[in-house]
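Chain by chain, the residues:
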Amino acid sequence: MLFNLDDIFETTRMITEHNLDVRTITMGISLRDCCHPDINVTAQKIYDKICTKAEKLVRTGEDIEAELGVPIINKRISVTPISMVGESCTANDYVPLARALDKAGKQVGVNFIGGFSALVDKGYTKGDINLINSIPEALDVTDIVCSSVSVGSTKCGINMDAVKQMGEIIKMTASRTADRDALGCAKLVVFCNAVPDNPFMAGAFLGVTEPETVINVGVSGPGVVKHALESVRGGDIGEVAETIKKTAFKITRVGQLVAQEAAKRLNTQFGIIDLSLAPTPAIGDSVAHILEEIGLECCGGPGTTATLAMLNDAVKKGGLMASSYVGGLSGAFIPVSEDAGMIHAVECGCLTLEKLEAMTCVCSVGLDMIAIPGDTSAATISAIIADEAAIGMINNKTTAVRVIPVPGKGVGENVEFGGLLGYAPIIKVNTYKPDKFIARGGRIPAPVRSLTN
Amino acid sequence: MRLVLTIVGEDKVGIIAKVSNKLAEMNINVINVNQNILNGFFNMVMLADMDKANVSIKDARDAMKKLGEEIGVEIRLQSEEIFIAMHRI
């Protein structure tokens, strides 16, 4: 097959100049056969299974990267929620299981391993309680383990006991990792409507409906979209949407190719492509800058929600045709510390927590990687989680909260996490107290699905 | 496997010769060449077949990158699959 020169150079420019990459190849590994009454045996089984199944994951990713010439930034693993795997253990402390995940992840060379998770949308089992209580120490003593807790869903309502507890767990995790600017909290997500096939961290886990092993791929490319939009300056918004769609199609085709190849070479099943536009702190790889290219002076100002809604929708429309299976979170991510444009918008005072909350109604995930003052109370964090979960529950979408209350730091100060996690200015939190609401506990009933006004 | 090589940089004498020579050393067969010079800037795309190559694609990529540095142009070598995925439905 012969190619048009423009097509060839378009592709190479996307890679060399506009940060086109495949963000992550995430291998899902079921640990359902690792249960044992003795937690040390369980830990060993977990370690052995991960090391066997993912032995060639990193090498395969590197081979594909070399052949196709497109960077594959991360190779990761997601596992069955550990609350289910640990439930048969007689021990109540699941930290040894987190250590086993950490050790196995490092052995096979991945940069994160997700699944130190519990799903408590409607209530707790023994394993859920043990897991959640183990989170602060687990995130303190491990390096690459990520944790997530699902506290609600459209079908179940919101577990307010869990919402209350997660506010406390986030505070405890921050305090245990205070010497690292509360880095533990950057690896902990609270979900509503959690998805079983998400390849992105920190919220990846392998859901119970998933196969023994599976390859899920997350694409990226905010820089490519931003660059494509530079060619339609002055055009109407329909033209902008059309350009985003076409660009998303091309980006997703690369993800699809990588996913198929990886699944074939690892002798496993291709799961899904996650059509998320995932930013990085690198210049030219920002979702905020796309919104500014569309015509906002600064992300966070009036017009932000509308432009983001259009962007998110157009990315999905373009990506859907490019891939045979789409899933995961699929939308534009707006993690503050991981996006140069978002960081700037917070620093200049244009982007507030309340506007971020509005943005999460129309795009992927939620309040993500947001540094808040260290003196924010557990009840306030719980209330932020409740608000965000309510948006997810009512709008039938995934929402999440990953906030970092940085001990000893206040509004205007910066916190540095390093690498892909980036850095963030600490954002102001409304200080009126929700304490009595949070203290009630109980469950918010599942919402009515008609009369939708 | 078929490869796409892209070569861009300032025009000078002997770019095609040196690139072809290096490919021949690795037993990589050139199928198609498309080249032009715009404002003194050299742009070339080569389609090649590496089924009988005596090196791996990774080594070929590294060898071409090194050659590019010696000549003073940028040479990228990739499987054609990524271009098919992106530009053909």
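First, a word on scope: everything that follows refers to the structure included in this document. (Residues numbered from 1 in each chain as written. Chains lettered and ligands numbered in written order. Predicted model: local features only at pLDDT ≥ 70, side-chain atom pairs only at ≥ 80, totals over all residues. Heavy atoms only, no water.)

**Focus on the pairing of strand β8 (residues 269-274) of chain A**
Residue and element names in this part refer to chain A.
Right, on to step 1. Within β8, 5 of the 6 residues are buried, leaving the element largely enclosed by the surrounding structure.
Right, on to step 2. Relative to strand β9 (residues 326-327), β8 runs parallel, the two sharing 2 bridges. Bridging from a neighbouring strand, Ile 273 pairs with Val 326 of β9. (Buried < 20%, exposed > 50% of the residue type's maximum accessible area, 1.4 Å probe, protein only. Helix = DSSP H or I, 4+ residues; strand = E, 2+ residues; numbered from the N terminus. Pairing = 2+ DSSP bridges.)

**Things to note about the sheet that holds strand β4 (residues 73-79) of chain B**
Residue and element names in this part refer to chain B.
Right, on to step 1. Here 4 strands make up an open sheet; going across it, the order is β2-β3-β1-β4 and the pairing antiparallel. For this open sheet the edge positions go to β2 (29-38) and β4, each flanked by a neighbour on one side alone. Strand-to-strand twist of the sheet, defined as the mean angle between neighbouring strand axes without regard to direction, takes the value 15°.
Right, on to step 2. As paired elements, β2 and strand β3 (residues 41-49) share 9 bridges and run antiparallel to each other. Bridge pairing links Asn 34 to Val 45 in β3.
Right, on to step 3. Taken strand by strand, helix α2 (residues 57-71) contacts β1 (2-10) and β4, and its axis lies near 165° from that of β4. (Axes fitted to C-alpha atoms, helices over the stretch in contact; angles between N-to-C directions. Contact = heavy atoms within 4.5 Å.)

**Looking at the interface of chain B and chain A**
Right, on to step 1. If you look at the interface, chain B gives 29 residues, while chain A gives 25 residues.
Right, on to step 2. Overall, the association of chain B and chain A removes approximately 2,600 Å² of surface from exposure, summing both partners, and the carbon and sulfur fraction of that is 70%.
Right, on to step 3. On the surface where chain B and chain A come into contact, there are 0 salt bridges.
Right, on to step 4. Counting the contacts that link chain B with chain A gives 7 residue pairs in polar contact (both at pLDDT 80 or more).
Right, on to step 5. For the side of chain B that touches chain A, the secondary structure elements donating two or more residues are β1, β2, β3, α2, β4 and α3 (81-87) of chain B.
Right, on to step 6. By residue class, the composition of the side of chain B that touches chain A is 13 nonpolar, 8 polar and 8 charged. (Buried area = accessible area lost by both parts, 1.4 Å probe. Salt bridge = Lys/Arg side-chain N within 4 Å of Asp/Glu carboxyl O. Polar contact = N/O pair within 3.5 Å; in protein donor to acceptor, adjacent residues only side chain to side chain. Nonpolar A, V, L, I, M, F, W, Y, C, P; charged D, E, K, R; others polar.)

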